[in-house]
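The chain contents come next:
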Amino acid sequence: MTEQSAHHTFDLVVACDLNRGIGLKNGLPWRLPGDMKHFRDLTVTTVNPKLQNAVLMGRKTWESIPLKFRPLPGRVNMVLTRNSDYNINPDATVAGSLESAMENLAELEIENYFIIGGAHLYEQAVHHPSCNLLYLTEIQEKFECDAFFPSFENLFTLISTSKTHQEHGLDYCYKKYQRNR
Ligand SMILES: NC(=O)c1ccc[n+]([C@@H]2O[C@H](COP(=O)([O-])OP(=O)(O)OC[C@H]3O[C@@H](n4cnc5c(N)ncnc54)[C@H](OP(=O)(O)O)[C@@H]3O)[C@@H](O)[C@H]2O)c1
C-alpha cells in the first residue's frame with residue numbers, strides 16, 4: 001500500500017429500514033427520490049471544484065444500477081470483484097480488494113471516497129481502520145429484505161439527525177455518525 005492510500009479515509013453511505021434492511025433481490029425495497037437526490041448531492045459535491053469524489057461498490061450493487069444510470073455521473077466509479085476477467089472499462093475501474101481500490105484511487109486526484117454498498121462491502125468497511133463517517137438514511141418502516149447493513153452501533157457515535165422527511169407515505173431522516181477511534 002502506498003503512503004497516501006494508507007492515510008486516505010472513506011465514508012459510508014446507506015439507506016436502511018428499521019431492521020437495517022437495505023435490499024431485496026438485488027434491488028432497493030423502496031423508492032425515495034428525495035433520498036436519491038440527497039445521495040447524489042452528497043457523493044458528487046466537492047470543496048475543490050477541480051476534483052471529483054469516488055464511489056466504491058461491490059459488483060452486485062454495480063449490476064443493480066439500471067444501465068441508463070451507470071456509471072454514476074460526476075464521480076469516479078470503482079467496482080470491487082474477485083473475478084479478474086470482469087471488465088467494465090471505460091465505465092468504471094475494477095479492483096480485486098478494498099486495499100487495491102484505495103491504492104488505485106490514490107493515483108488519481110480524488111477528494112472523498114464513499115463506499116456505497118452493498119451488504120458484503122459494508123460488512124468489511126465498518127471494521128476497517130480507514131472508515132470515517134457513516135451517512136445513514138433511516139427509513140421508519142420495516143420492509144421484506146434479503147440484504148442488511150451490519151450491526152454498527154458499538155462502532156460509531158451519532159453526530160447529527162436531520163428533521164423527518166416524508167415521501168410516498170414513508171417517514172425518513174438523515175443520520176450522520178463518526179467511527180470511534
Ligand atoms: N439501501 C442501500 O443504501 C443500498 C446500497 C447499495 C446496495 N444495496 C443493496 O444491496 C444488495 C447488494 O448487496 P450484496 O451484499 O448482495 O452485494 P455487493 O456487496 O454489492 O457485492 C458483492 C460482491 O462484491 C465483490 N466484493 C465484495 N467485497 C470484495 C472485496 N473485498 N474484494 C473484491 N471483491 C469484493 C464480490 O464480487 P464477485 O462475486 O464478482 O467476486 C462480491 O460477490 C442489493 O439488494 C442492493 O440493492 C442497498
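Every chain's residues receive numbers from 1 upward, in the order its sequence appears when written. Confidence filtering applies because this is a predicted model: local features only for residues at pLDDT of at least 70, side-chain atom pairs given and counted only at 80 or more, and all residues used for totals across whole chains, interfaces and linings. Here the side-chain values reflect all heavy atoms present in the structure, with hydrogen atoms and water set aside.

Description of the overall build of the protein
Each helix is a run of H or I in the DSSP string that is no shorter than four residues. Each strand is a run of E no shorter than two, and both are numbered from the N terminus. Looking only at helices and strands, the protein has five helices and eleven strands in total. Here the globule rule is a power law, 2.2 Å times the number of residues to the power 0.38, and the radius of gyration is based on C-alpha atoms. In terms of C-alpha radius of gyration, the protein reaches 16 Å, essentially the compact-globule figure of 16 Å for 181 residues. Dimensions of the protein along its principal axes, counting C-alpha atoms only, are 45 × 35 × 30 Å. In the protein, which comprises 181 residues, the proportion classed as buried is 47%. Only protein chains enter the accessibility calculation, which uses a 1.4 Å probe; a residue is then buried when its area is under 20% of its type maximum, exposed when over 50%, and partly exposed in between.

Topic: the confidence of the model for the protein
Each residue carries a pLDDT score, the predictor's own confidence in it, on a scale running from 0 to 100. Averaged over the protein, the pLDDT score is 95; the fraction of residues at 70 or greater is 96%. Here, two residues are considered to be in contact whenever any of their heavy atoms come within 4.5 Å of each other. The model gives residues 1-6 a pLDDT under 50, and that stretch makes ten contacts with residues more than four places away or in other chains.

Examining unusual backbone geometry
That bond from N89 to P90 is cis: its omega, 5°, falls within 30 degrees of zero. Along the chain, P90 turns up in the loop between strand 4 (75-80) and strand 5 (93-95).

A closer look at helix 4 (residues 98-106)
Every buried residue of helix 4 is listed here: L98, A101, M102, L105 and A106. Seen from one end, helix 4 has its buried residues packed into an arc of 135°, which puts them on one side. Starting at the helix axis, one direction is taken to each C-beta atom, and the arc is that of these directions.

Section: the nonpolar core
For soluble globular proteins, the rule of thumb is that nonpolar side chains tend to be buried together. Counting residues in each nonpolar core, the largest one holds 32 residues, and the members touching the most others are L12, L56 and F149. Looking at this core, the elements that each hand over two or more residues are strand 1 (10-16), strand 3 (52-58), strand 4, helix 4, strand 6 (110-115), helix 5 (119-125) and strand 7 (131-139). For this core, the element with the most residues is helix 4, which contributes five residues. Excluding residues within four positions of it along the chain, L56 makes contact with M78, L80, L98, A101, L105, Y113, F114, I115, I116, G117 and L121. Of all hydrophobic cores here, the second largest spans 16 residues; its members include M57, W62, F114 and I116. What makes a nonpolar core is a set of buried Ala, Val, Leu, Ile, Met, Phe, Trp, Tyr and Cys residues whose side-chain atoms join them at distances within 4.5 Å.

Comments concerning the site of the ligand
Any residue with a heavy atom lying within 4 Å of a molecule or strand is counted as near it. Neighbouring the ligand are 28 residues, the closest being R59, T61, T81, H120 and Q124. A distance of 3.2 Å separates an oxygen atom of the ligand from a polar backbone atom of G27. Polar contact is defined as a pair of N or O atoms within 3.5 Å, subject to the rule that within protein one atom must be able to donate a hydrogen and the other to accept it, and that residues adjacent in sequence are counted only when both atoms are side-chain atoms. Here K60 contributes a backbone N or O atom positioned 3.3 Å from an oxygen atom of the ligand. All accessible areas in this document rest on Shrake-Rupley with a 1.4 Å probe, and a residue is counted as covered only by the protein chains that are shown. Burial of the ligand by the surrounding chains reaches 88%, relative to a free accessible area of 930 Å². Looking at the shell around the ligand, the elements that each hand over two or more residues are strand 1, strand 2 (21-23), helix 3 (59-64) and helix 5. For the shell around the ligand, the element with the highest residue contribution is helix 5, accounting for five residues. Think of it as three bins: nonpolar holds Ala, Val, Leu, Ile, Met, Phe, Trp, Tyr, Cys and Pro, charged holds Asp, Glu, Lys and Arg, and polar takes everything else, Gly as well. Residues belonging to the shell around the ligand are distributed by class as follows: twelve nonpolar, 13 polar and three charged.

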